[in-house]
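Here is what each chain is made of, one letter per residue.
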Amino acid sequence: MIVAAFSDFMQQVVSGLASGGIYALLALALVIIHRSTGVINFAQGEMATLSAFVCWTLVDHGWAFWPAFAATLALSFAGGVTLQAVVIRPIQAGPLLGIVILTIGLLIAFNGLDTWIWGGAAKQFQGPFSTAPIRVGGVAFSKQDLGVIAVALVAVVLMWLLFSKTRLGLGLRAAAVNPVESRLVGIRVAAMLALGWGLAAMLGAVAGVMAAPSLFLEPNMMQTVLLYAFAAAVLGGMDSPIGAVVGGLLLGVLLNLVGTYVHWIGGELRLATALAVILGVLLIRPSGLFGRAALRRA
Amino acid sequence: MTRNLCVIALAALTLAGVAAASTAGTPGVTSTTITLGSSGPLTGEAAAAAGVLRGADGYFKYVNARGGVNGRKIDFKYLDDGYDPSRTVQNVRELIQQDNVFALFSVVGTNGNLAIRDFANASGVPTVFSAAGATTLGRDYVKYPWTIGYLPPYGEEGELYGKHILATNGKKAKVAVLYQSDDYGKDVLAGFRRGLGAKARTLIVQTVGYDPTASDVQSQVAQLKASGANTFCIFAFGKFAIQAFQYANKLGWKPQIYVNDVASASSIMQLGPRSTAEGSISIAWGKDPATPQFKSDPGVLLAAKIIKKYIPGGNPSDGFLAAGMAEGFSMVDALKAAGKNLTRKSLMNAVTHMNEANNPFLVPGVKVHTTPTFRFPISSVQLQRWHNGHWVLFGGVQSAKP
Amino acid sequence: MRVKLSAFALGALVLVVLPFVLTDFRTVQLATVGAYFIAILGLDVLTGHSGQISLGHGAFMAVGAYTTAILMANHGVRDLWTIPIAAGVAGVIGLLAGVPALRLSGLYLALATFGIAVVLPTILKKFDHFTGGSTGITLFGKPTQTGHGVGVWGLTNNQWLYALTWTVGGVVFLIAWWLLDSRFGRSLRAIRDSELAAVASGVNRAKYKVLAFGVSAAFAGVAGALLAINVAYVAPDTFPIQLSLYLLVGAVVGFFGSIWGAVFGALLIQFLPDIVGLIPHVDTKQAGPTTLFFGLVLVVLMLVLPIVLRAASKLANRSYFGAQ
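Residues numbered from 1 in each chain as written. Chains lettered and ligands numbered in written order. Predicted model: local features only at pLDDT ≥ 70, side-chain atom pairs only at ≥ 80, totals over all residues. Heavy atoms only, no water.

A word on the overall build of chain B. A tally of helices and strands in chain B yields 15 helices and 13 strands. The C-alpha radius of gyration computed for chain B amounts to 22 Å, which stays within 12% of the reference 21 Å derived for 402 residues, consistent with globular compactness. Considered along the principal axes of its C-alpha atoms, chain B spans approximately 80 × 50 × 40 Å. Put simply, chain B has 402 residues, and 63% of those count as buried. In chain B, 68% of the contacts between residues at least 6 apart in sequence involve partners at least 24 apart. (Helix = DSSP H or I, 4+ residues; strand = E, 2+ residues; numbered from the N terminus. Rg over C-alpha atoms; globule rule 2.2 N^0.38 Å. Buried < 20%, exposed > 50% of the residue type's maximum accessible area, 1.4 Å probe, protein only. Contact = heavy atoms within 4.5 Å.)

Residue and element names in this part refer to chain A. The geometry of helix H2 (residues 44-60) relative to helix H4 (residues 96-118) is characterised by a closest axis approach of 9 Å and an angle of 25 degrees between their N-to-C directions. The angle between H2 and H4 falls in the class roughly parallel. In terms of crossing hand, the pair formed by H2 and H4 is left-handed. For the pair H2 and H4, the contacting residues are Glu 46, Met 47, Thr 49, Leu 50, Phe 53, Val 54, Trp 56 and Thr 57 in the first and Leu 107, Phe 110, Asn 111, Asp 114 and Trp 118 in the second. (Axes fitted to C-alpha atoms, helices over the stretch in contact; angles between N-to-C directions. Parallel < 35°, antiparallel > 145°, perpendicular 65-115°, else oblique. Left-handed = near helix turned anticlockwise from the far one by under 90°.)

This structure, assessed with the given rule, holds 35 aromatic pairs over all chains. With a centroid separation of 5.3 Å and 45 degrees between ring planes, the pair formed by Phe76(B) and Tyr78(B) is classed as tilted. Note on Tyr78(B): relative accessible area 8%, which makes it buried. Cluster of aromatic residues (ring-pair linked, three or more members): Phe65(A), Trp66(A), Phe69(A) and Phe129(A). If you follow Arg35(A) out to its NZ or CZ, it ends over the ring of Phe163(A), 4.9 Å from the centre. Taking the ring centre of Trp56(A) as reference, the NZ or CZ of Lys123(A) above it sits at 5.3 Å. (Phe/Tyr/Trp six-rings, centres within 6.5 Å; stacked < 30°, edge-to-face > 60°. Lys NZ or Arg CZ within 6 Å of the ring centre and 35° of its normal.)

Residues and elements named next belong to chain B. Within the chain, Tyr 83 stands out as a residue other than glycine whose phi angle is a positive 65 degrees. Note that Tyr 83 resides in the loop between strand S2 (73-80) and helix H3 (85-97). You can call Tyr 83 partly exposed: its relative accessible area is 29%. Phi at Asn 100 is positive, roughly 50 degrees, even though this residue is not glycine. Structurally, the position occupied by Asn 100 is in the loop between H3 and strand S3 (103-105). On the basis of relative accessible area, Asn 100 is assigned to the partly exposed category, the value being 22%.

What follows deals with the domain arrangement of chain B. All names here are of chain B. With domains assigned, chain B is organised as domain 1 (33-152 + 296-379) and domain 2 (154-284). Centre-to-centre separation of domain 1 and domain 2, based on C-alpha positions: 28 Å. In this complex, domain 1 contributes 15 residues to the contact, which on the side of domain 2 involves 13 residues. The largest per-residue losses of area from domain 1 upon contact with domain 2 belong to Glu 45, Pro 152 and Phe 320, which jointly make up 32% of the total buried on that side. One can count zero salt bridges joining domain 1 with domain 2. Summed over the shared surface of domain 1 and domain 2, the result is two residue pairs in polar contact (both at pLDDT 80 or more). With three residues, helix H4 (residues 110-122) is the largest single contributor of residues to the side of domain 1 that touches domain 2. For the side of domain 1 that touches domain 2, a count of residues per class yields nine nonpolar, five polar and one charged. (Domains from an automatic or database assignment. Buried area = accessible area lost by both parts, 1.4 Å probe. Salt bridge = Lys/Arg side-chain N within 4 Å of Asp/Glu carboxyl O. Polar contact = N/O pair within 3.5 Å; in protein donor to acceptor, adjacent residues only side chain to side chain. Nonpolar A, V, L, I, M, F, W, Y, C, P; charged D, E, K, R; others polar.)

Looking now at the sheet that holds S2(B). Across a sheet, strands are paired by hydrogen bonds formed along the backbone, either parallel or antiparallel in direction. Residues and elements named next belong to chain B. The strand order S2-S1-S3-S4 describes an open sheet built from four strands, whose pairing is parallel. Of all the strands in the sheet, just S2 and strand S4 (127-128) have a single pairing partner and so form its edges. Two strands pair when backbone bridges link them, and S3 and S4 are joined in this way by two bridges, in the parallel orientation. Paired with Leu 104 across the two strands is Thr 127, which belongs to S4. (Pairing = 2+ DSSP bridges.)

Attention shifts here to the interface of chain A and chain B. The interface is formed by 30 residues belonging to chain A together with 27 residues belonging to chain B. Surface buried jointly by chain A and chain B totals about 2,200 Å² across both partners, of which 50% is contributed by carbon and sulfur atoms. At the boundary of chain A and chain B, one finds two salt bridges. Elements that contribute at least two residues to the side of chain A that touches chain B include exactly helix H1 (2-37), strand S1 (133-136), strand S2 (139-142), helix H8 (189-215), helix H9 (223-236), helix H10 (241-261) and helix H11 (270-284) of chain A. When residues of the side of chain A that touches chain B are assigned to their parent elements, the largest contribution, five residues, is made by H1(A). Its residues assigned to classes, the side of chain A that touches chain B shows nine nonpolar, 15 polar and six charged.

So, on to the interface of chain A and chain C. Listed by partner, the interface residues are 42 residues for chain A and 44 residues for chain C. Buried surface at the junction of chain A and chain C, both sides included, amounts to about 3,800 Å², of which 84% is carbon and sulfur. Here chain A and chain C share zero salt bridges between them. Taken together, chain A and chain C are joined by two residue pairs in polar contact (both at pLDDT 80 or more). Elements represented by at least two residues in the side of chain A that touches chain C include exactly H4, H9 and H11 of chain A. If you tally residues by element for the side of chain A that touches chain C, the top one is H4(A), at 17 residues.

Residues and elements named next belong to chain B. A complete count under the given rule lists twelve salt bridges over all chains for this structure. For Lys 163, the salt bridge identified is with Glu 159, shortest N-O distance 3.1 Å. In this pair, Lys 163 and Glu 159 both sit in helix H6 (residues 154-169), four residues apart, roughly one turn of the helix. Judged by relative accessible area, which is 46%, Lys 163 ranks as partly exposed. Exposure remark for Glu 159: the relative accessible area of 16% places this residue in the buried category. Two residues, Arg 194 and Glu 159, come together in a salt bridge whose shortest N-O distance is 3.1 Å. One end of the pair, Arg 194, is in helix H7 (residues 183-196); the other, Glu 159, is in helix H6, with 35 residues separating them in the sequence. Given a relative accessible area of 47%, Arg 194 falls into the partly exposed group.

Structure, rendered in structure tokens:
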């Protein structure tokens, strides 16, 4: 009985890690943009959905998965860079409200675009990893689940390497923290900002493609995931890539456990729990688990 | 300022003129057309269900090409409400007050139909053959005389599953239920408990609800499996039903599955893993084009022909399109019976005196039958079992009378 | 109180004449526009004048709407009296929300309000014995509905709704104008433009920011109540995140402050699907094109706005009617 209860518990933990991996990937994209440009991109989820649709379309036209995925990554990167250069840069220096509203406009616009081109009905998406179940000690998971978690970990390691071990990463960080002085030392700030958006768009594409097999591809696919990703990013610290991934995995497990063992919350208040996490962290410890406390500049 | 006033007055007169150019006499009926209105989830989570509107529209075009009904062609206007019932209310208001429809037909969804009932009835506008199975749509006709449903009542569907469990595994069944946490899911669950009767409390070991805004139900399915159940009832919709199958498969859970009608279209079932779906039980009332025993059925062939000609992009194995055509057929039947002198009253008279046994899109033996005091057009169904990737009907036509 | 009297009078005259000159259905559509207008005024106060970004204004509308619905359906309160009560309930909740909001800076406040708007429908569904759950609450034909859905004083029901909404709208507008022209408004704008400077000048930052939340929530509550009366039905999905975002669109289009802007923004929310439908080859039976254009409007506006504002920079510091 206890063994059964334990394996049920572990099952929830493992499934939580799998769904948390998706939150982690999108949270990573959010954190990259925030860290490199100081913006919260409300459109991140919809951009990820668009990338997933692009990948699906290529596969639908006969491409094998990995070439389609690579092409999608390249297109997403280019898309992110273009978006930053054309739409964000003109108002980058202006009031925060303007940028927030603009990213919301992008959210709405991308959602409408997806619905217009691909329709509202859900589509089946065949991922690269097998969904055949593997069972260990009464706990079931699939290669798809492991794949998502692995991809999230690889992504965060790559990001960490980029930011702390390369000159490019140094440039990205400098441009975000102090654009004026960065220019003085020769850093091409505009290029850095665009690069940040391109990277984030790529990460979003990974999130979308990893999510589509289990969530089913449709225009609203990432809408609730966006809120979970926000919760993960806030929990981990909005400027910490490691925090984003840890936050995501932690959140996935937390939501499953709370949903299963607290009957009043059950399956219906998952979103509310994520909101509680956001509000709780912001009010009690705004820098999250791994972030640094920010200075308020007047 | 005077110029502004003149412009406004001119625009207003034009608008008023346009509004007045519609019918005198019965709204929505001219010597050449009958205007029907509807509202459904053309977008959003439930977008697949809007297939019934497209199916009915296709059937009407087919009938129009053959001269229409009593010399009139049917003009079917349907609007998107994204499954939000307050948008259904606004759409219906627009259809009645601006488009002057003759009647509302095949309004999709339990919540939407409940939301518009008071307004439609107060306006004396018939709401016929709604694409919803809420028992109250047929039961509360004294209060809402202008409303009538079509689908077999959800509560009774649940009851049939309960009775089947009692008959086949009454002693050893341990039942877990995943249900959509809205009126639709709760209606089926309530009927299911009724069907199990006194044994409901002992046989049902766990029920878990989910909100349609959830992204996935893996956690809920794991919880249900953990209850040790050997029978799994999926009262869910669309992608959640598919996920339920997939996660049950993943967790190595092989219960006897009962899946509700709305999620049982072959196109959806085929997305679930074979081994888990094998043996699942559901009900059938309309001919699912993918079911082998109907492959050469004249009704199914007719549906395919209509889809090809009148519904561009329509998938011939889409069960929702077929259901819409069944409704369309009954509607045309009712309009014919309502006579050349077509009024809203004559339509309601016709729909409460239906005796249709020849609907080509319904399972043989399932009749459309109504009386003024029995307003459940479809109240008989057959059970079907999923075997080797398709549905096989078994048993006889059973009553689903509430 | 320098008032552009002729503009105000023309507006009032147009309002009075319109329902007798337009179709009945258009009249009730304009009544809905009136409710959006009031909500946008609220957002003007909160985001435009006190600089606190709220992406969840629909939530306050929902509070007002459900207050009205529950009072009308379960407690026999006449619809008219529910309006001030809805304002009060929403206002109090706004004040309560305003306190923790003080600790959240711009971006994080936007995030928190976004989350609240996304989660609200699920919470409304969960407490179903109180809210009626996903079935919602029908108000049509109830004895507490003035006119019983048929009409009042020889007006049709739609004309009555129009008259009610725009009368309340006029009252709310006057209140907003008075507030924003007063010390309250000046303090808000001072805080918006530079918190440090405002505090240094002795402005009680906390008090005014919280009050702004309360006032704007009260406005939204009124708007929600009017919508509930208008449609005679509320459900959890009536106030999704999209509504909050569209309100923001309306407020931005109205440049956060001019009354004509708020009217224009409200008209945009109501009639954009029809405008988009005029474009050839676009089928508005699908929601795709309409949503896309809403988004594009917002994006283009935000790109164009700084240019416009730079040319009219003094306008941003003025109140509605030119008082300094």
